[in-house]
Amino acid sequence: KAQINLSRFSEREINFVNQDAAELNLEEKFDAGFICWVLEHVEDPKKVLRSVYEHLHPEGIIYLTEVFNSSFYFLPKLPGLERYYNAYNAHQIQSGGDPDIGVKLGNLLHEVGFEEIELQRGGFHLDQSRPEELKRMTAYWKELMKSAAKPMLDTDLIKEKDIREMESDLEAIAKASNSVFFYQFVQAKAKRKA
Ligand SMILES: C[S@@+](CC[C@H](N)C(=O)[O-])C[C@H]1O[C@@H](n2cnc3c(N)ncnc32)[C@H](O)[C@@H]1O
């Protein structure tokens, strides 16, 4: 899938290698590494960062984008979405991941030995001053929440009716006059030692 997607943007020949990011074993060293929405799923994020560190040239750069799910805030405070979101994060923790890994990136990079660590936040802060964007983001959020529904049902974290309530709460938020929909993720850039 990555091969198909990338061929739409670049004519350069790109090699794809499928390895555990925590135990990379590549002959080459690289100028840069890029990790997006992956550390949130791994049991030992420092192991992944160390593994990337070892595969960078001196002064090579790592770029990261990761979730900070505790930053999610919404009004009106509808209980169906609240309940589903809590279960969604509990599922990620049960699976060995960390839904708040983004906010920890600076410390993790520092502990692994990266230097010149830069952190920035991205995300959205939507309300009825931008109703179309609010509608688009709540619709996207519904799909994101549903992407984990199957394993959450299988592990009894949710019931079918919780999915419907989460969906109708998101639809209500898109319409409510006092709606607020807020979320921040974290991006980091850092350098391997010279
Ligand atoms: C939420 S997806 C993100 C995919 C893509 N980076 C993006 O931004 O759309 C999480 C990805 O992390 C990958 N992943 C999880 N643990 C991994 C590991 N130990 N080594 C390599 N990839 C891993 C999964 O295969 C999955 O493709």
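Quick caveat, the model's predicted, so the values are computed rather than measured.

Remarks on the pairing of strand E2 (residues 56–66)
Okay, step 1: Of the strand pairs in this sheet, strand E1 (residues 30–36) and E2 are connected by six bridges, and their pairing is parallel. Bridging from a neighbouring strand, Phe34 pairs with Tyr63 of E2.
Okay, step 2: The handedness of the E1 to E2 crossover, carried by helix H2 (residues 45–54), is right-handed.
Okay, step 3: Sheet topology places E2 next to strand E5 (residues 180–191); six bridges connect them, and they run antiparallel. Directly across from Leu64, in E5, lies its bridge partner Ala188.

Looking at the environment of Phe68
Okay, step 1: Position of Phe68 among the secondary structure elements: in the loop between E2 and strand E3 (73–75).
Okay, step 2: For Phe68, a relative accessible area of 22% translates into the label partly exposed.
Okay, step 3: Along the backbone, Phe68 and Ala32 are 36 residues apart, and their C-alpha atoms lie at a distance of 24 Å.
Okay, step 4: When residues no more than four places from it in sequence are discounted, the contact partners of Phe68 are Pro99, Asp100, Val103, Tyr183, Gln184, Phe185 and Val186.

Thoughts on the packing of helix H5 (residues 131–146) against helix H7 (residues 160–175)
Okay, step 1: Interhelical geometry of H5 versus H7 gives an angle of 170 degrees and a closest axis separation of 9 Å. Classified by the interaxial angle, the pair formed by H5 and H7 is roughly antiparallel. On H7, the residues touching Leu134, Lys135, Thr138, Trp141, Lys142, Met145 and Lys146 of H5 are Ile163, Met166, Glu167, Leu170, Glu171, Ile173 and Ala174.
Okay, step 2: Of the residues that constitute the contact of H5 with H7, the class distribution is eight nonpolar, one polar and five charged.

A word on the side chain of Gln92
Okay, step 1: Tracing the backbone through its elements, the reader meets Gln92 in helix H3 (residues 79–94).
Okay, step 2: In terms of polar contacts, Gln92 uses its side chain to reach the side chain of Glu40, at 2.7 Å.

Observations concerning a nonpolar patch on the surface
Okay, step 1: A cluster of nonpolar residues, Leu6, Phe9, Ile14 and Phe16, forms a patch on the protein surface that exposes about 380 Å² of accessible area.
Okay, step 2: As for its position among the elements, Phe9 is in the loop between helix H1 (2–7) and E1.
Okay, step 3: Exposure remark for Phe9: the relative accessible area of 66% places this residue in the exposed category.

Describing the pattern of salt bridges
Pairing is possible between side chains that carry opposite charge, provided their charged atoms lie close to one another.
Okay, step 1: Scanning all chains against the criterion turns up 15 salt bridges.
Okay, step 2: With its nearest N and O atoms 3.3 Å apart, the salt bridge here joins Arg130 to Glu133.
Okay, step 3: According to the relative accessible area criterion, Arg130 is partly exposed, its value standing at 39%.
Okay, step 4: Salt-bridge contacts for Lys150 lead to Asp154; the nearest nitrogen and oxygen are separated by 2.8 Å. Note that Lys150 and Asp154 are positioned in helix H6 (residues 149–154) at a spacing of four residues, about one turn of the helix. Across the pair, Asp154 and Lys150 agree in class, each one exposed.
Okay, step 5: Where salt bridges share partners, they join Arg83, Lys161, Asp162 and Glu165 into one cluster.

Criteria and thresholds
- Per chain, residues are indexed from 1 in the order of the written sequence.
- Where local features are concerned, this predicted model is filtered to residues with pLDDT of at least 70; where side-chain atom pairs are given and counted, the filter is 80 or more; whole-chain, interface and lining totals use all residues.
- Here the side-chain values reflect all heavy atoms present in the structure, with hydrogen atoms and water set aside.
- In this scheme, strands are said to pair when DSSP sees at least two bridges between them.
- Helix numbering and strand numbering both begin at the N terminus, where a helix is a DSSP run of H or I of at least 4 residues and a strand a DSSP run of E of at least 2.
- The definition of a right-handed crossover adopted here requires that, viewed with the strands pointing away, the path from the first strand over the helix to the second runs clockwise.
- Only protein chains enter the accessibility calculation, which uses a 1.4 Å probe. A residue is then buried if its area is under 20% of the maximum for its type, exposed if over 50%, and partly exposed in between.
- In this description, contact between two residues means that some pair of their heavy atoms is separated by no more than 4.5 Å.
- Axis lines are fitted to C-alpha atoms, over the contacting stretch for helices. Their N-to-C directions set the angle, which ranges from 0 to 180 degrees.
- For classification purposes, an angle smaller than 35 degrees is called roughly parallel, one larger than 145 roughly antiparallel, one from 65 to 115 roughly perpendicular, and anything else oblique.
- Three classes are used: nonpolar for Ala, Val, Leu, Ile, Met, Phe, Trp, Tyr, Cys and Pro, charged for Asp, Glu, Lys and Arg, and polar for all others, with Gly counted as polar.
- Two N or O atoms form a polar contact when they lie within 3.5 Å of each other; inside protein one atom must be a possible hydrogen donor and the other a possible acceptor, and for residues adjacent in sequence the pair counts only when both atoms belong to side chains.
- For patches, a residue must show more than 30% relative accessible area and have no salt bridge; joins then use 9 Å for like charges and 5 Å for nonpolar side chains, namely Val, Leu, Ile, Met, Phe, Trp and Tyr.
- Note that accessible areas follow from Shrake-Rupley with a 1.4 Å probe, and for residues the cover is restricted to the protein chains shown.
- In the sections that follow, a salt bridge refers to a side-chain nitrogen of Lys or Arg positioned within 4 Å of a carboxyl oxygen of Asp or Glu.

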